[in-house]
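So you can see what is in the structure, the chains are spelled out below.
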Amino acid sequence: MSEVILSVRNLSVSYLARRGRVRAVSNVSFELHAGETLAFIGESGCGKSTLNLALIRTLPKTGQIDSGTMIYTRRDGQQIDVLKLNKQEHRRWLWSECSMVFQGALNSLNPVIRISDMIYDTAAAHGIPREDARKQALDLLEKVRLDPQRVFNSYPHELSGGMRQRVLLAISLLLRPQIVIMDEPTTAVDILTQRSILDVLKELRRELNFSVLFISHDLAVAAEIADRIATMYAGEIVEIGPVEEIFYRPRHAYTLALLDAAPRLSAGAEELHSIPGSPPDLIMPPPGCKFHERCAFAVASCHTTPPPLRPTHDAACHLVACTESERVLAAQRKIMRQ
Amino acid sequence: MFGLTTIASPQGFFIGALCGLVPLGAGLYYRQWRAGVGGFLACLLSGFACGFLGGLPTILMSYAVVLSYAYVNRQDPFTSRAALEEVNFEETRVEQLQRQLANLGRGIRTSWRALTRNRAGFLGFLGIMFFVVVTVFGPLFIEYEGAARLDRRQPGARSLIAPPSYEHPLGLDWKGRDVLSHMVHGGQRLILTSIQAGLIATVIAVVLGSLAALLGGVVDSLISNAANFILTIPSFPLLLVLASLVNLDSDFLLALLFGVLNWPTLMRAVRAQVFSLRERDYVEAAVALDLGVWHIISREVFPNMISYIAVNLIFTIRVAMYSIVGLVFLGLVPLSEPDWGVMIFTGRQQGVLFQPQAAGMLLAPIVAIALFQLSLVLFTRSLEEVFNPRLRSGL
Amino acid sequence: MSSLTSSAPKLKRDETASLLIRLRRLTRSYAFRIIAQGLITIWAVTTFTFFLIRLMPGNPVDTYIDALMQQRNLTLEEAQRAAAGIFEFDPDEPLVQQYVNFLSKLVRLDLGKSITKGGTPVLDIILRYLPWTLFCVGVALIISFALGVLIGLAMGYWRGGLLDNVMTGFASIISGIPDYILALLILIIFGVQLQWFRVGEVRGGVDPTIEVGFTLEYIGSVLRYAFLPVLIYVLASIGTWILAMKSSTISTLGEDYITVAQARGLSERRVLTSYVGRNAMLPLVTRLAISVGFVVSGSVIIEEMFQYPGLGRNLFVAIAQRDYTTMQGMFLVITSAVVFANILADLALGWLDPRVRLDKKVD
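Position numbers for residues count from 1 along each chain, tracking the sequence in the order it is written. Chains carry letters and ligands carry numbers; both start at the beginning, A for chains and 1 for ligands, and go up in the order they are written. Residues qualify for local features only when their pLDDT is at least 70, as the model is predicted, and side-chain atom pairs are given and counted only at 80 or more; totals for whole chains, interfaces and linings, by contrast, use all residues. For side-chain calculations, the full set of non-hydrogen atoms in the structure is used, while hydrogens and water are omitted.

Asks: Residues and numbers for empty space enclosed by the protein, please.
Replies: Residues and elements named next belong to chain A. For cavity detection a 1 Å grid was placed over the protein atoms alone, and a set of points counts as a cavity when a 1.4 Å probe fits there but cannot get out; an open set counts as a pocket when protein lies on both sides within 12 Å along at least five of seven lines, with lining residues being those that have an atom within 4 Å of a point. Grid points are joined across faces, edges and corners, and a volume is the space filled by probe spheres set on the points. With the rule as written, the count across this model stands at 6 cavities of 30 Å³ or more. There is about 70 Å³ of room inside the largest cavity. In terms of lining residues, the largest cavity is bounded by H252, A253, C289, F291, H292, C295, A298, C302, P307, A321, C322 and T323. Classes in brief: Ala, Val, Leu, Ile, Met, Phe, Trp, Tyr, Cys and Pro nonpolar; Asp, Glu, Lys and Arg charged; the others, Gly included, polar. In the lining of the largest cavity, the residues fall into 9 nonpolar, 3 polar and no charged.

Asks: So what's going on with the sheet that holds strand β2 (residues 21–33) of chain A? Residues and values would help.
Replies: All names here are of chain A. Think of it this way: DSSP has to see at least two bridges between two strands before they count as a pair. Runs of E in the DSSP output that reach at least two residues are strands. Runs of H or I that reach at least four are helices, and both are numbered from the N terminus. Strand order across the open sheet formed by 4 strands is β2-β1-β4-β5, with antiparallel pairing between neighbours. Edge positions in the sheet fall to β2 and β5 (79–81), since each has one partner strand and no second. Taken over all neighbouring pairs, the strand axes of this sheet differ in orientation by 5° on average, direction set aside. Pairing of strand β1 (residues 4–16) with strand β4 (residues 63–73), which is carried by 8 bridges, proceeds in the antiparallel orientation. Counted as the bridge partner of S14 is Q64 from β4. We call two residues in contact whenever any of their non-hydrogen atoms come within 4.5 Å of each other. Only the contacting stretch of a helix is used when fitting its axis, a line to C-alpha atoms as for every element, and angles between N-to-C directions run 0 to 180 degrees. Along the sheet face, helix α1 (residues 48–55) touches β1, β2 and β4 and points at about 115° away from the line of β1.

Asks: Break down helix α14 (residues 340–349) of chain B for me, citing the residues and quoting the values.
Replies: All names here are of chain B. Three labels apply to residues, based on accessible area from a 1.4 Å probe with only protein chains included: buried if under 20% of the type maximum, exposed if over 50%, partly exposed otherwise in between. Across the 10 residues of α14, 8 count as buried, placing the element largely inside the fold. Of all the positions in α14, only W340, G341, V342, M343, I344, F345, T346 and G347 are classed as buried. Identification of polar contacts relies on pairs of N or O atoms within 3.5 Å, with a donor-acceptor requirement for protein atoms, meaning one able to donate a hydrogen and the other able to accept it, and with residues adjacent in sequence counted only if both atoms are side-chain atoms. Among the residues of α14, the N-terminal cap falls to D339, whose side-chain oxygen and the backbone nitrogen of G341 are separated by 2.7 Å. Directly after α14, the chain includes G351, whose backbone phi takes a positive value near 75°.

Asks: Which residues make up the interface of chain A and chain C, and what values go with them?
Replies: Accessible area lost upon the coming together of the parts serves often as the stated size of an interface. Across the boundary between the two partners, chain A contributes 30 residues, which contact 28 residues of chain C. Buried area is a sum: the accessible area each of two parts loses on coming together, probed at 1.4 Å, counted once for each and added. A combined buried area of about 2400 Å² lies between chain A and chain C, and 59% of that area is made up of carbon and sulfur atoms. When the buried area of chain A at its contact with chain C is split by residue, V112, D121 and H157 of chain A rank highest and sum to 25% of it. For salt bridges, the criterion is a side-chain nitrogen of Lys or Arg within 4 Å of an Asp or Glu carboxyl oxygen. Summed over the shared surface of chain A and chain C, the number is 2 salt bridges. Between K87 of chain A and E268 of chain C there is a salt bridge, and its shortest N-O distance comes to 3.9 Å.

Asks: So what's going on with unusual backbone geometry? Which residues, and what values?
Replies: All names here are of chain A. Phi is positive for R57, close to 50°, though the residue is something other than glycine. Looking at where R57 falls in the secondary structure, it is placed in the loop between α1 and β4. Given a relative accessible area of 28%, R57 falls into the partly exposed group.

Asks: An account of the interface of chain B and chain C is requested, with residue identities and associated values reported.
Replies: Contacts between the two partners involve 39 residues from chain B and, on the opposite side, 46 residues from chain C. In this assembly, chain B packs against chain C so that about 3800 Å² is buried in total across both faces, 79% of it on carbon and sulfur atoms. Linking chain B with chain C are 1 salt bridge. Scanning the region where chain B abuts chain C turns up 7 residue pairs in polar contact (both at pLDDT 80 or more). Where the side of chain B that touches chain C is concerned, the elements lending two or more residues are α8 (217–232), α9 (235–245), α13 (293–329), α14 and α15 (359–387) of chain B. Sorting elements by how many residues they give to the side of chain B that touches chain C places α15 of chain B first, with 11 residues. Of the residues assigned to the side of chain B that touches chain C, the class counts are 30 nonpolar, 6 polar and 3 charged.

Asks: Let's hear about the packing of aromatic side chains: which residues, and what values?
Replies: Residues and elements named next belong to chain A. Each Phe, Tyr or Trp ring, with Trp reduced to its six-membered ring, pairs with another whose centre is within 6.5 Å; inter-plane angles below 30 degrees give stacked pairs, above 60 give edge-to-face pairs, and intermediate values give tilted ones. Scanning all chains against the criterion turns up 25 aromatic pairs over all chains. Considering the side-chain rings of Y254 and F291, the 5.1 Å spacing of their centres and the 70° angle between planes classify their relative orientation as edge-to-face. Of this pair, Y254 sits in helix α10 (residues 253–261) while F291 is found in the loop between α10 and β11 (310–311), placing the two residues 37 residues apart along the sequence. The class for Y254 is buried, based on a relative accessible area of 0%. Judged by its relative accessible area of 3%, F291 is buried.

Asks: Before we move on, can you summarise the sheet that holds strand β8 (residues 211–216) of chain A with the specific residues and values?
Replies: Residue and element names in this part refer to chain A. Taking strand neighbours across the sheet as the criterion, the 8 strands line up as β6-β7-β8-β3-β9-β10-β12-β11 in an open arrangement whose pairing is mixed. Sheet topology places β6 (98–101) and β11 at the edges, where each strand pairs with a single neighbour. With 2 bridges joining them, strand β10 (residues 236–242) and strand β12 (residues 319–320) adopt antiparallel strand pairing. The residue of β12 that forms the bridge with E239 is V320. On top of the sheet, helix α6 (residues 161–172) reaches β6 and β7 (179–183); it is set at about 175° to β6, its chief contact. Together, β3 (37–41), β9 (228–233) and β10 form the strand contacts of α10, whose direction differs from that of β9 by roughly 100°.

Asks: Before we move on, could you go through helix α12 (residues 311–320) of chain C and cite the residues and values that matter?
Replies: Counting buried positions over the 10 residues of α12 of chain C gives 9, a clear majority of the element. Buried residues of α12 of chain C: L311, G312, R313, N314, L315, F316, V317, A318 and I319 of chain C, and no others. In the core, the buried residues of α12 of chain C are packed alongside α9 of chain B together with α6 (122–157), α11 (268–306) and α13 (324–352) of chain C. Immediately downstream of α12 of chain C, the backbone of R322 of chain C shows phi near 55°, a positive value.

Keep in mind that these numbers describe shape and distance, not what the molecule does.
Below, the structure is given as structure tokens:
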């Protein structure tokens, strides 16, 4: 496997709320390899978005990073801890090394200035000459299948939702970052636009070879785009592994429940299962495995001891935090056979 | 005793005491001592202030509050203190009335809590109450001095004006009259006229706004264009021009003139709100049921607009007071004492603006108007909370 | 040859067509709409005042005739003729004819003659006083808007800071007090009681002993005399700007594009100016037009108080003297000025916010 460009260790993020500290992300560790796409899946409120805001250190004022390291490997091989960069260094690191495509393309562009001005702003902040930025932007706009000249000089309100999303994609690649974080880039658009954006994304990845951290609650999209999948629940990664492993041999009860809750073409509507209960309170999380209250496989030890994230027996790259992973796998086989 | 001229009177005291017996009795009956005594005092004061006009509505409100403490809602076993076996879903007319009264009382209590929650807003409320109390009850204790008091001339003094002293806390004016007495007696007309003006403007705005939105078409464009037209003209110069053409010798005429010129802002808001409401299902249902324009306005539109209307009313009252005092200041309306604005006008006319010892005579009405206006602005913050349904629902 | 001759008219037709298209585009353009609306308003105000003055019970023309009859012992006919001379109309003419005459004179900027000032053209009077008001009110509006927006932006951006806490209280208080009350308070407290400035000296527009001219002394005097009125206009209106800008900034800060701009690594200054500031300012620009009306309204009393030789004070003087022609002309000019300010504010909004320039989105 290719080299690791981002290695996150024991990252914890919390928000200050009136009732106390909300542990939105706790002890998350993962590695991102060059050129791969890692998708985070989970319910809303599971900490996916917080994790990504923490990665680019743009949390809201009430949020803070409690602990952890984020070792980033530059193209020249130099390793830096992103969380230890000062404000100025971090500002430069952003976008030139790691950019982001936010959800909600409608509101992600400043309505009162032209696309070109947004591109020049970005270029100026990173000391790139205007003319270079323009050429690069026109090239990228063409790559995302837009009319470069027209879009470059447009205001956001003159573009449709799908066009804006592609503009965001183009802007995110402007400085040739190694990592692009995509926070549900396809939720706000219709199914056809979603299709074309995914196609464009795949093409761009082939061509420019950047890594993607993909956040989605849409399992179908994640399955299509990702090389590896990480399931998040209550601020923790509960299972992480190659996409086929996760989808065909899930070892965590929550992943199985998620897959079971997703609509499939082959199954009728009556076979859709929702996950009973609701996500736990993150101010006072339950002891043991955080999923045990909603888990069909829970045993006595689940109520007391949190299971560690460790490799499964048959695949070293597939990690899971569940003591009953064999029973989960068996249950999945049974569902598949039906 | 009736009508809008409100000054405390001794009969009013008895009327208030009499009215107060109702909530007091209710308090004794339901064993809600504090609420009963509070209701008694409220009735006493409002009866004292306005006679029957103030006493009778207060009976209803204070009784409702007392009832809301004691009432057990049999219809709703989940939120009330009724035991489950007591629940009886059939209610008599009396019980229904009781339930509605208790709801009203609960609403009043919530509003009061909302009112006190915002510190700045509550300060504004207290400021307004201060002026109301002084204006209403002050005349009982301080007699009005209308005639010149030449006998107060200090030996050797060039004028009758005197700085504050023990007998005259705000000093004497240019005719040797007590400034405090003018302050106490001079606010009522101004405040009442401003409130009248605000109410007239609000009524016009609500009616026209609803009509424009509900009828649409020609009516709508006519009203909207008129509103735009009036909004563009600077209102105070227009008021000046009109004041020169019409003899504004009655307060009501002044209020009416102001109201006619100041409805467009609120009208636009009401129109927009009604337009957006018209699209909603429950209003469409009401239209389909042929419940009539007024039903729709009073039941569907008004409750949604009440917060905005109330805040706007306060602002209109503010601007009305500004304009009225401005007209008086320029001497463009017939002057009649006692009046805060006239105090400023005569003070300036007599050239006392530049006399240091006359500060009391001029500063008193100026500061009073400034504080009253400030109180009104601050009060709107509480009003927003009182009428905010989201905040109100959490009792 | 034949093809040449046939193409010529076609070309011409194309030209007229393109002219028509251009004309249509012009009438649909944002600026055209705004200006046309303004002109219609001015026309409506003109018509309104014309009929108001002539049709009101006890209208000024009759009042003037009565006054002439009493004061100079004229007969009704003589008085009517004299009045017609001053008001410049033929009393026997139908009202509509009078109205048309009035409008046609107005287009030629003829506003009639003053009743009280011995037949001085109203336009001359207005032109003498207008610059003072324009200067004072204009400077005050610019200062208060710019300062208010800057302070409000800073308060919203560093919310909960010292500046925010101090200025919120200050702005709440200052925005609650009417302008002329504020003026009186300043005059009495700082002028009469504390004697920071001599009250008697700041009356008028300029020191009358200084020779009029483009000299440093003269300009200095003008600025010194304008200081207090401008200060009062600024104080009376800045509170509203501060509070409005603060709340607008706070809501803008919650927008996604601000987060995106920060994530793009833009400097804080750039984010604050072209992303937060510019967007937060938009709702305030529309309020600017309303504010112009308020300040102009206030100027009548403020100018009267300081004996400032502006249009506001002279409108009051004309009203007090029942000089209806002057009053009508001044009211018209004041309204036109406000309408003009409205047009400017709308154009500024169009310049700042591309969305209002177009009606429909391109999809």
